Amino acid sequence: MSHSHSPESRRNPVETLRALAGLNPPCLTLPRGDVHWMRLELPGVPRRFIASSLGLRLRQIIGDTPCGFAWTLRGSTAELWYWHENEDGPLAHYLRERNEDLSLWPEPLLRPPLADGLHLIQCRQGFETVHVQRQDTQRTRWFSALPSPEAWAAFVRDAGQDPAQHPLPEALVLPLQSRPPRGWSHSTRLIRPIPQALVA
């Protein structure tokens, strides 16, 4: 199901009831190494059909592997993070064992906003390189270990910058917030539906 997080005036009734009752679910962070980033153009798609359209596009791109995804819309462009969801995998077993309502969010969405430029970030597991322009992510790559100067230089070139002007920096260690920025929604098969009693 999709969980939308938007300004109070546009919050859907279920989320409003959750907030008023103090029932916003705790956040479970998906490690950067388990999620993948992309942008997709969705011209002319009504907002209420965005999630289903993204699900269809993902199946066309990566096949029928079940996946969850978090997305936001910027004009007709959707920015999304997706992850594979195996109902017999460790994440699904963990959620069943917890037997409580949890909200799944990719690690990068829980960081403070990044300034424009090239960044090297230490993740909970591994490292991430990020290129931000006009406050939008342009490209990102995850490394299981600290990238070599050569790997960093390749990333800088991919961003259209001169490696000589951007040597390998010290990795940033950023705190994780409890919620993603406003405007992000997510869709997952692993979270059970909201009990009807909450929306009656």
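Just above, that's the structure.
Rules used in this analysis
- Residues numbered from 1 in each chain as written.
- Predicted model: local features only at pLDDT ≥ 70, side-chain atom pairs only at ≥ 80, totals over all residues.
- Heavy atoms only, no water.
- Phe/Tyr/Trp six-rings, centres within 6.5 Å; stacked < 30°, edge-to-face > 60°.
- Helix = DSSP H or I, 4+ residues; strand = E, 2+ residues; numbered from the N terminus.
- Buried < 20%, exposed > 50% of the residue type's maximum accessible area, 1.4 Å probe, protein only.
- Salt bridge = Lys/Arg side-chain N within 4 Å of Asp/Glu carboxyl O.
- Expected span 1.5 Å × (residues − 1).
- Pairing = 2+ DSSP bridges.
- Axes fitted to C-alpha atoms, helices over the stretch in contact; angles between N-to-C directions.
- Contact = heavy atoms within 4.5 Å.

Caption draft 1: Looking closely at the packing of aromatic side chains. The final tally for this structure, using the stated rule, is one aromatic pair. Ring geometry for Trp 152 against Phe 155: centres 6.0 Å apart, planes inclined by 35 degrees, an arrangement best described as tilted. In this pair, Trp 152 and Phe 155 are both assigned in helix H4 (residues 149–158), three residues apart and thus about one turn of the helix distant. Like Trp 152, the residue Phe 155 is buried in the burial classification.

Caption draft 2: Spatial organisation of the pattern of salt bridges. Taken as a whole, this structure holds four salt bridges when the rule is applied. Arg 32 is the salt-bridge partner of Glu 128, the closest N and O atoms lying 2.9 Å from each other. Here the residue Glu 128 occupies a position in strand E8 (residues 127–133), and Arg 32 occupies one in the loop between strand E2 (27–30) and strand E3 (36–41), the gap between them amounting to 96 residues. What makes Arg 32 buried here is its relative accessible area of 5%. Taking the shortest distance from any N to any O, the salt bridge between Asp 136 and Arg 74 comes out at 3.4 Å. With Asp 136 in strand E9 (residues 136–143) and Arg 74 in strand E4 (residues 67–74), this pair connects stretches of sequence that are 62 residues apart. Residue classification places Asp 136 among the partly exposed residues on the basis of a relative accessible area of 22%. Each of the salt bridges in this network shares a partner with another, and the network as a whole consists of Arg 32, Arg 111 and Glu 128.

Caption draft 3: Region of the structure containing helix H2 (residues 50–62). Here H2 is 13 residues long and its end C-alpha atoms lie 18 Å apart, about the 18 Å a rise of 1.5 Å per residue gives. Of the residues flanking the end of H2, it is Gly 63, one or two places downstream, whose phi is positive at about 90 degrees.

Caption draft 4: Up close: unusual backbone geometry. Despite not being glycine, Arg 134 has its phi angle at roughly 55 degrees, a positive value. With respect to the secondary-structure elements, Arg 134 resides in the loop between E8 and E9. The class for Arg 134 is exposed, based on a relative accessible area of 60%. For Gln 135, which is not glycine, the phi dihedral falls at a positive 65 degrees. Within the secondary structure layout, Gln 135 lies in the loop between E8 and E9.

Caption draft 5: Region of the structure containing the environment of Ala 153. With respect to the helices and strands, the residue Ala 153 is situated in helix H4. Exposure remark for Ala 153: the relative accessible area of 15% places this residue in the buried category. When the C-alpha positions of Ala 153 and Pro 163 are compared, they lie 5.2 Å apart, and in sequence the two are 10 residues distant.

Caption draft 6: Quick look at the sheet that holds E8. One open sheet accounts for three strands, arranged E7-E8-E9; its pairing is antiparallel. Every interior strand has two partners, whereas the edge strands, strand E7 (117–122) and E9, have only one. Neighbour-to-neighbour, the strand axes of this sheet turn through a mean angle of 20 degrees, independent of strand direction. Relative to E9, E8 runs antiparallel, the two being bridged by seven bridges. Bridging from a neighbouring strand, Gln 133 pairs with Asp 136 of E9.

Caption draft 7: Focus on H4. For H4, the complete set of buried residues consists of Ala 151, Trp 152, Ala 153, Phe 155 and Val 156. If you follow the buried residues of H4, they end up packed against E7, E8 and E9. After H4 finishes, the residue Gly 160 shows a positive phi value of roughly 75 degrees.

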